[in-house]
Amino acid sequence: MLDEEEYNRVHEIFIDCTKRTKVYRETTGSPLDKTTLCNLFKPVVEEYEKITGFKGFHHNVVMHHRVSIYGHPCKNCGKPLRTPRAKMCTACGAKV
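Keep in mind that what you see is a predicted model, and the values were worked out from it rather than measured. (Residues numbered from 1 in each chain as written. Predicted model: local features only at pLDDT ≥ 70, side-chain atom pairs only at ≥ 80, totals over all residues. Heavy atoms only, no water.)

Structural notes on the packing of helix α1 (residues 4–28) against helix α3 (residues 42–52)
- As a packed pair, α1 and α3 sit with axes 9 Å apart at the nearest point and diverge in direction by 165°. Comparing their axes, α3 and α1 come out roughly antiparallel. Our pair here, α1 against α3, has a crossing hand that is right-handed. Contacts between α1 and α3 involve E6, R9, V10, I13, F14, C17 and R20 from the former and P43, V44, E47, Y48 and I51 from the latter. (Axes fitted to C-alpha atoms, helices over the stretch in contact; angles between N-to-C directions. Helix = DSSP H or I, 4+ residues; strand = E, 2+ residues; numbered from the N terminus. Parallel < 35°, antiparallel > 145°, perpendicular 65-115°, else oblique. Left-handed = near helix turned anticlockwise from the far one by under 90°. Contact = heavy atoms within 4.5 Å.)

Here it is, written out as structure tokens:
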């Protein structure tokens, strides 16, 4: 999971990759389903790997590995709550 500083670094790279993908598609005429997005967004995955040491994540999955979008750990099972405002743990069913 990424803290806000780490997430901001990865997010900036993601934005840059999105812009480069748009330029690539405009210059090549490549439709989105034929565009090699994994290659174009490889810098996002590489930065995530550099920060966390974890490999093999899709670039879209990386963008959901942000600590602030989840709640505190459940007092019953220790799993993170789905949101900071969660009223129930989806993992164990405990009320928060």
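Text resumes after the structure shown.
Quick notes on the packing of aromatic side chains
- According to the stated counting rule, one finds two aromatic pairs in the structure shown.
- Ring geometry for F14 against F41: centres 5.2 Å apart, planes inclined by 45°, an arrangement best described as tilted. Residue F14 is found in helix α1, and its partner F41 is found in the loop between α2 (37–40) and α3; the two are separated by 27 residues along the sequence.
- Taking the relative accessible area as the measure of exposure, F41 reaches 6% and is therefore buried.
- Judged by centre distance (5.4 Å) and plane angle (80°), the rings of Y48 and F57 are edge-to-face.
- Relative accessible area serves as the criterion here: at 2%, Y48 is assigned to the buried category.
- What makes F57 partly exposed here is its relative accessible area of 27%. (Phe/Tyr/Trp six-rings, centres within 6.5 Å; stacked < 30°, edge-to-face > 60°. Buried < 20%, exposed > 50% of the residue type's maximum accessible area, 1.4 Å probe, protein only.)

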